[in-house]
Amino acid sequence: MSTALSFAIMDAPFENSRTVTMLRVIAEALEAGHDVNVFAYEGAVALSFARQAPHANAVHGRDAAEENHPLPRVWIESLLALAAKRGRRLDWVNCGLCVDERGVAEAIDGVRRGSPADFWKMSVESANTLTAGTR
Amino acid sequence: MRTLQVIETAYRATVEEQDDTIVWLTHAMNGAGGEFGLLLTGNAVCYALQEQRPPALALGGWTQSHAADPAADVASLAAKGVRVYAVEEDLEERGLLDAQLLDALTVVPRAKLPVLLDEYPRVWKW
């Protein structure tokens, strides 16, 4: 029986702490030695958009470097690096139609385009699947 | 492996998508070979109401061609063999128990949900 775990996420970046929670669970799964599949659906396909950019924050009184603004694409890059370091597989699949709707095809390296059929296949091949829908 | 899709959030982005995204996802994965049930809870029990006809959006000179019809989309899932359930108390709270509901709908009291959930090895809450 595979010990891989699959996750489906839906929330757009910078909208909901559910996304951070899911990414933390994914990190723990990789640390624990699991291969991980992620299906990003709807707004979540923008999490890996390559053009996300940090900015300064005048309210905080910090320039861009000092602010070091969190970017979901950097978090995903970090998870991909963690998977490589641990010798595990992180297969991050963006729903292609959702990508087209939002014009966010320019994704970071290591992320691929797919469909709900990929989600079904990865879930069948996994020990379990966790979904987090948008509220 | 049988999977129960549990929908609670209703009418999310149905204008933009012209469907419910999880009902659509279920159609797509059913087409890919998956075996699903669909449990409507909370406001999503309204998807079982057959008399609803959401109007097409008109903004300035732009008019929508295909307004979402979640009731028809759920009925279409049922026609493909997907069992469709709704929580009785959620229908009752919204005054829908006596409404014209999907013919294939199975109404489930909340107290019986554990039995239903036990029938599906995978339960995905959206």
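Read on for a plain summary of the structure. Given the structure is predicted, the values throughout are model-derived calculations rather than measurements.

1. Notes on the overall build of chain B
At step 1: Across its full length, chain B holds five helices and seven strands.
At step 2: Each helix (α) and strand (β) of chain B, taken in turn from the N terminus, gives the series β-α-α-β-β-β-α-β-α-β-α-β.
At step 3: In terms of overall dimensions, chain B is globule-like: its C-alpha atoms have a radius of gyration of 15 Å, near the 14 Å expected for 126 residues.
At step 4: Dimensions of chain B, computed from C-alpha atoms along their principal axes, come out at roughly 50 × 35 × 20 Å.
At step 5: Going through the 126 residues of chain B one by one, you find that 32% of them count as buried.
At step 6: Put simply, 70% of the contacts in chain B that link residues at least 6 apart link residues at least 24 apart.

2. Some remarks on the sheet that holds strand S6 (residues 105–108) of chain B
Residue and element names in this part refer to chain B.
At step 1: With parallel pairing, five strands are arranged side by side in an open sheet as S6-S5-S2-S1-S7. What marks the edges here is a single partner per strand, and that holds for S6 and strand S7 (122–125). Along the sheet, successive strands turn relative to each other by an average axial angle of 25 degrees, direction set aside.
At step 2: Pairing of strand S5 (residues 83–87) with S6, which is carried by four bridges, proceeds in the parallel orientation. Its bridge partner lying in S6, tyrosine 85 is registered against threonine 106.
At step 3: Helix H2 (residues 21–31) rests against strand S1 (2–7) and strand S2 (35–40) of the sheet, and its axis sits at about 165 degrees to S2.

3. Notes on helix H5 (residues 116–124) of chain A
At step 1: For H5 of chain A, the full list of buried residues reads Pro116, Asp118, Phe119, Trp120, Met122 and Ser123 of chain A.
At step 2: The secondary structure elements touched by the buried residues of H5 of chain A are strand S1 (5–9), strand S2 (36–40), strand S3 (90–95), strand S4 (111–114) and strand S5 (128–132) of chain A together with H2 of chain B.

4. Describing unusual backbone geometry
All names here are of chain A.
At step 1: The backbone phi angle of phenylalanine 14 is positive, close to 65 degrees, even though this residue is not glycine.
At step 2: Looking at the secondary structure, you find phenylalanine 14 in the loop between S1 and helix H1 (17–31).
At step 3: Of note in the backbone geometry, asparagine 68 takes a positive phi value of approximately 45 degrees without being a glycine.
At step 4: Assignment of secondary structure puts asparagine 68 in the loop between helix H2 (64–67) and helix H3 (72–86).

5. Remarks on the sheet that holds S2 of chain A
Residues and elements named next belong to chain A.
At step 1: Ordered by their spatial adjacency, five strands build an open sheet running S4-S3-S2-S1-S5, and the pairing between neighbours is parallel. Edge strands, defined here as strands with exactly one partner in the open sheet, are S4 and S5. Looking at each pair of strands side by side, their axes are set apart by 20 degrees on average, direction ignored.

6. A few points about the nonpolar core
Nonpolar side chains in soluble globular proteins tend to be buried together.
At step 1: With 64 residues, the main nonpolar core has Ile9, Val36, Val38, Ala40 and Tyr41 of chain A together with Leu38 and Leu40 of chain B as its most contacted residues.
At step 2: What alanine 40 of chain A contacts, discounting residues up to four positions off in sequence, is Ile9, Val45, Leu47, Ser48, Trp92, Val93, Asn94 and Cys95 of chain A.

7. What to know about the packing of H2 of chain B against helix H3 (residues 70–79) of chain B
All names here are of chain B.
At step 1: For the pair H2 and H3, the least separation of the axes is 10 Å and the interaxial angle reads 25 degrees. The orientation of H2 with respect to H3, classified from their angle, is roughly parallel. You can see that H2 and H3 cross each other, and the crossing is left-handed. Mapping the contact onto sequence places Val23, Thr26 and His27 in H2 and Pro70, Asp73, Val74 and Leu77 in H3.
At step 2: For the contact of H2 with H3, the per-class residue count stands at four nonpolar, two polar and one charged.

8. Digging into H2 of chain B
At step 1: If you check which residues of H2 of chain B are buried, you get Thr21, Ile22, Val23, Leu25, Thr26 and Met29 of chain B.
At step 2: Taken together, the buried residues of H2 of chain B touch H5 of chain A together with S1, helix H1 (14–17), S2 and H3 of chain B.
At step 3: After H2 of chain B finishes, the residue glycine 33 of chain B shows a positive phi value of roughly 110 degrees.

9. Digging into the interface of chain A and chain B
At step 1: If you look at the interface, chain A gives twelve residues, while chain B gives 15 residues.
At step 2: At the level of secondary structure, the elements contributing two or more residues to the side of chain A that touches chain B comprise H5 and S5 of chain A.
At step 3: Class assignment of the residues belonging to the side of chain A that touches chain B gives a composition of six nonpolar, four polar and two charged.

10. Comments concerning the packing of H1 of chain A against H3 of chain A
All names here are of chain A.
At step 1: Contact geometry for H1 and H3: axes closest at 9 Å, N-to-C directions at 10 degrees. In this view, H1 runs roughly parallel relative to H3, as classed from their interaxial angle. Only Trp75, Leu79, Leu82, Ala83 and Arg86 of H3 make contact with H1, whose side of the interface consists of Leu23, Ile26, Ala27, Leu30 and Glu31.
At step 2: Of the residues contributing to the contact of H1 with H3, the split by class is eight nonpolar, no polar and two charged.

Scoring rules and cut-offs
- Residues numbered from 1 in each chain as written.
- Chains lettered and ligands numbered in written order.
- Predicted model: local features only at pLDDT ≥ 70, side-chain atom pairs only at ≥ 80, totals over all residues.
- Helix = DSSP H or I, 4+ residues; strand = E, 2+ residues; numbered from the N terminus.
- Rg over C-alpha atoms; globule rule 2.2 N^0.38 Å.
- Buried ≥ 20, exposed ≤ 12 C-beta atoms within 10 Å, placed from the backbone.
- Contact = placed C-beta atoms within 7 Å.
- Pairing = 2+ DSSP bridges.
- Axes fitted to C-alpha atoms, helices over the stretch in contact; angles between N-to-C directions.
- Core = buried A, V, L, I, M, F, W, Y, C linked by C-beta atoms within 7 Å.
- Parallel < 35°, antiparallel > 145°, perpendicular 65-115°, else oblique.
- Left-handed = near helix turned anticlockwise from the far one by under 90°.
- Nonpolar A, V, L, I, M, F, W, Y, C, P; charged D, E, K, R; others polar.

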